[in-house]
Amino acid sequence: MHSVHRTARLAVCSTLLLTAVAACAPEPDDKTGDSPTTAAACTSGKLTTVASGKLTVGTDKPAYAPWFEDDDPSNGKGFESAVAYAVADRLGYPKGRVVWQTVPFNSSFAPGAKKFDFDINQVSISDERKKAVAFSSGYYDVRQAVVALKSSKAADAKTVADLKRVKLGAQVGTTSLDYINDVVKPSEKPAVYQKNDFAKSALKNGQVDAIVVDLPTAFYITGAEVTDAKVVGQFENSTGTPEQFGLVLDKQSALTSCVTRAVDALRKDGTLAALEKKWLSEAVDAPVLK
């Protein structure tokens, strides 16, 4: 009699145990390999965006060439304007459903909630910035370059060491400034400016010997804005991993994987290369400063 009760109790316990194990068992993998964020949430033209039915894109003002043209991001001209619209189209948002918003450069990757779906403004992807925001995959591999007046003592620099004793300047919060501080390590503290416009004015007025900017901007400055200046050279990539510009998103954005997939698709099908050739073809080459 006792053995019967004991057998019944064991059967009940076994059933409960199997039920618990089944409840705790992992769900089978999705056969598509896509999570809800990358599949269902990426429904073309129906993303959960800042403004319902529209895609809000941020960038700074003024919007500089060659990244934008005529200080008008919405015209589709310039590399970053064209990239933004190409990404939007991939996400299912034609030009008429894209809204532009002015966002200061430093604010784009500062901590806090964002009023844009993504920001495009020559923002380099970095581990430090990833603490505050999310990034798409890179849409442009960039080099930093030195621009100096042709009459400046920095104009004849051939190496990084040649720049150590000249007055350098760059925009605050940029990798350009990081290169001055971490690579050049000048004897004189660099001048720091709120915007590139101020850095260019300082160069033109002889307040600094040279400024550091990304290579396409360097060629544009010397070709159209400060014509008595020259591109002295570019810094080599010493890490093995290229510096890349990425689209900036809110740290918790559910769109990050969708936007990354769009950027990756544009790179794979040659769109990014074609846009780079069209809008950045002037930034062809410059001596490497070692």
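Described below are features of the structure shown in this document.

The rules behind each value
Residues numbered from 1 in each chain as written. Predicted model: local features only at pLDDT ≥ 70, side-chain atom pairs only at ≥ 80, totals over all residues. Heavy atoms only, no water. Helix = DSSP H or I, 4+ residues; strand = E, 2+ residues; numbered from the N terminus. Buried < 20%, exposed > 50% of the residue type's maximum accessible area, 1.4 Å probe, protein only. Areas by Shrake-Rupley, 256 points an atom, 1.4 Å probe, with all protein chains shown as cover. Pairing = 2+ DSSP bridges. Contact = heavy atoms within 4.5 Å. Axes fitted to C-alpha atoms, helices over the stretch in contact; angles between N-to-C directions. Polar contact = N/O pair within 3.5 Å; in protein donor to acceptor, adjacent residues only side chain to side chain. Arc of directions from axis to C-beta. Parallel < 35°, antiparallel > 145°, perpendicular 65-115°, else oblique. Left-handed = near helix turned anticlockwise from the far one by under 90°. Nonpolar A, V, L, I, M, F, W, Y, C, P; charged D, E, K, R; others polar.

What follows covers the overall build of the protein. For the protein, the count of helices and strands is nine helices and 11 strands. Burial status across the protein gives 46% buried among its 290 residues. Of the roughly 15100 Å² of accessible surface on the protein, 54% is carried by carbon and sulfur atoms.

Strand order across the open sheet formed by six strands is S7-S6-S8-S5-S9-S11, with mixed pairing between neighbours. Bordering the open sheet on either side are strand S7 (191–193) and strand S11 (288–289), each of which pairs with just one other strand. The sheet contact formed by strand S5 (residues 144–149) and strand S9 (residues 229–235) spans five bridges and is antiparallel. What sits directly across from Val146, in S9, is Gly233. Sitting on the sheet, helix H5 (residues 175–184) is in contact with S5, strand S6 (168–171), S7, strand S8 (210–214) and S9, with an inclination near 145 degrees to S6. The strands touched by helix H7 (residues 215–225) within the sheet are S5, S8 and S9, with S8 carrying the most contacts at an inclination of about 125 degrees.

Here Thr175 shows up in helix H5. On the basis of relative accessible area, Thr175 is assigned to the buried category, the value being 14%. A distance of 3.3 Å separates a polar atom in the side chain of Thr175 from a polar atom in the side chain of Gln144. Reaching out from Thr175, the side chain makes a polar contact with the side chain of Glu243 at a distance of 2.6 Å. Excluding anything up to four places from it in sequence, Thr175 contacts Ser124, Arg129, Gln144 and Glu243.

A separate point is the environment of Val263. Relative to the helices and strands, Val263 resides in helix H8 (residues 256–268). Of the residues examined, Val263 reaches a relative accessible area of 1% and is grouped as buried. Here the alpha-carbon distance between Val263 and Ser137, two residues 126 residues apart in the chain, equals 6.7 Å.

It is worth spelling out helix H9 (residues 271–279) at this point. Inspection of H9 places Leu272, Leu275 and Trp279 among the buried residues, and these make up the whole buried set. Buried residues of H9, seen end-on, are gathered within an arc of 65 degrees and therefore sit on one face of the element. Facing away from the buried side of H9, by more than 90 degrees, are the exposed residues Ala273 and Lys277. Here the buried face of H9 lies against helix H2 (79–90), strand S4 (133–142) and H8.

Turning our attention to the pairing of S8. Counting buried residues in S8 gives five out of five residues, a clear majority hidden from the surface. Judged from the five bridges that link them, S5 and S8 form a sheet pairing that is antiparallel. Looking across to S8, one finds that Ala145 is bridged to Val213.

Let's shift gears to the packing of H2 against H9. Two elements in contact, H2 and H9, have axes whose closest approach is 9 Å; the angle formed by their N-to-C orientations is 155 degrees. Viewed along their axes, H2 and H9 adopt a mutual orientation that is roughly antiparallel. The two elements H2 and H9 cross, and the hand of that crossing is right-handed. Of the residues in H9, those touching H2 at Phe79, Ala82, Val83 and Ala86 are Thr271, Leu272, Leu275, Glu276 and Trp279. Its residues assigned to classes, the contact of H2 with H9 comprises seven nonpolar, one polar and one charged.

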